[in-house]
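# Structural description and commentary
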Amino acid sequence: MNLNSLNQIFKLKIFGNVQGVGYRAWMKRTITSLNYSGYVFNCDDGSVEVLVECPRHEINLIIKLCYAGPSISDVKEIDCIEEHSIQSSILTGKFYIKD
């Protein structure tokens, strides 16, 4: 059985003071340490968006970590949706910062 078949893709939209505070670099280190794939990028509206492929039972941990963030960030809200329209094959197997 392919373990990746147990993973789901989630899109997180993170609101607050999350740009210009090292949030994307922190997110890359954090998700990479958990061995999940996906990407993070800054949105034009000042939020940060994360696409992460992980087991469903791990998403609550990831959300808690996102709220903690780097010490100079201030996360106010996180929206999370399970993304069914994206195939895991488009992810690189790594977590990266998307420009």
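For clarity, every value in this text was computed on a predicted model and none was experimentally measured. (Residues numbered from 1 in each chain as written. Predicted model: local features only at pLDDT ≥ 70, side-chain atom pairs only at ≥ 80, totals over all residues. Heavy atoms only, no water.)

### Section: the overall build of the chain
Helix and strand content of the chain: 2 helices and 5 strands. Mapped from its N terminus to its C terminus, the chain presents α and β elements in the order β-α-β-β-α-β-β. Split into buried and exposed, the 99 residues of the chain put 43% on the buried side. For the chain, the proportion of contacts with a sequence separation of at least 24, taken over those separated by at least 6, is 77%. As presented, the chain carries roughly 5800 Å² of accessible surface, and 50% of it is formed by carbon and sulfur atoms. (Helix = DSSP H or I, 4+ residues; strand = E, 2+ residues; numbered from the N terminus. Buried < 20%, exposed > 50% of the residue type's maximum accessible area, 1.4 Å probe, protein only. Contact = heavy atoms within 4.5 Å. Areas by Shrake-Rupley, 256 points an atom, 1.4 Å probe, with all protein chains shown as cover.)

### Points about the pattern of salt bridges
Scanning the model with the defined rule gives 4 salt bridges in all. With a shortest N-O distance of 2.9 Å, Asp 74 and Lys 76 are connected by a salt bridge. On the accessibility criterion, Asp 74 (35% relative accessible area) is partly exposed. (Salt bridge = Lys/Arg side-chain N within 4 Å of Asp/Glu carboxyl O.)

### Considering helix 2 (residues 59-68)
Ile 59, Ile 62, Ile 63 and Cys 66 are the residues of helix 2 that are buried. The buried residues of helix 2 occupy one face: seen down the axis, they fall within an arc of 100 degrees. Counted as exposed and oriented over 90 degrees from the buried face of helix 2: Asn 60, Lys 64 and Ala 68. In this fold, the buried residues of helix 2 make contact with strand 1 (7-17), helix 1 (23-33), strand 3 (48-55) and strand 4 (74-82). Following helix 2 by one or two positions, Gly 69 adopts a phi angle in the positive range, close to 50 degrees. (Arc of directions from axis to C-beta.)

### A look at the confidence of the model for the chain
Confidence in the prediction of the chain, expressed as mean pLDDT, is 91, and 90% of residues score 70 or more. In the model of the chain, strand 5 (residues 95-97) stands out as the element of lowest mean pLDDT, 95, in contrast to helix 2, which has the highest, 98. (pLDDT = per-residue confidence, 0-100.)

### Regarding unusual backbone geometry
At Asn 35, a residue that is not glycine, the phi angle is positive and equals roughly 65 degrees. You can see Asn 35 is positioned in the loop between helix 1 and strand 2 (37-42).

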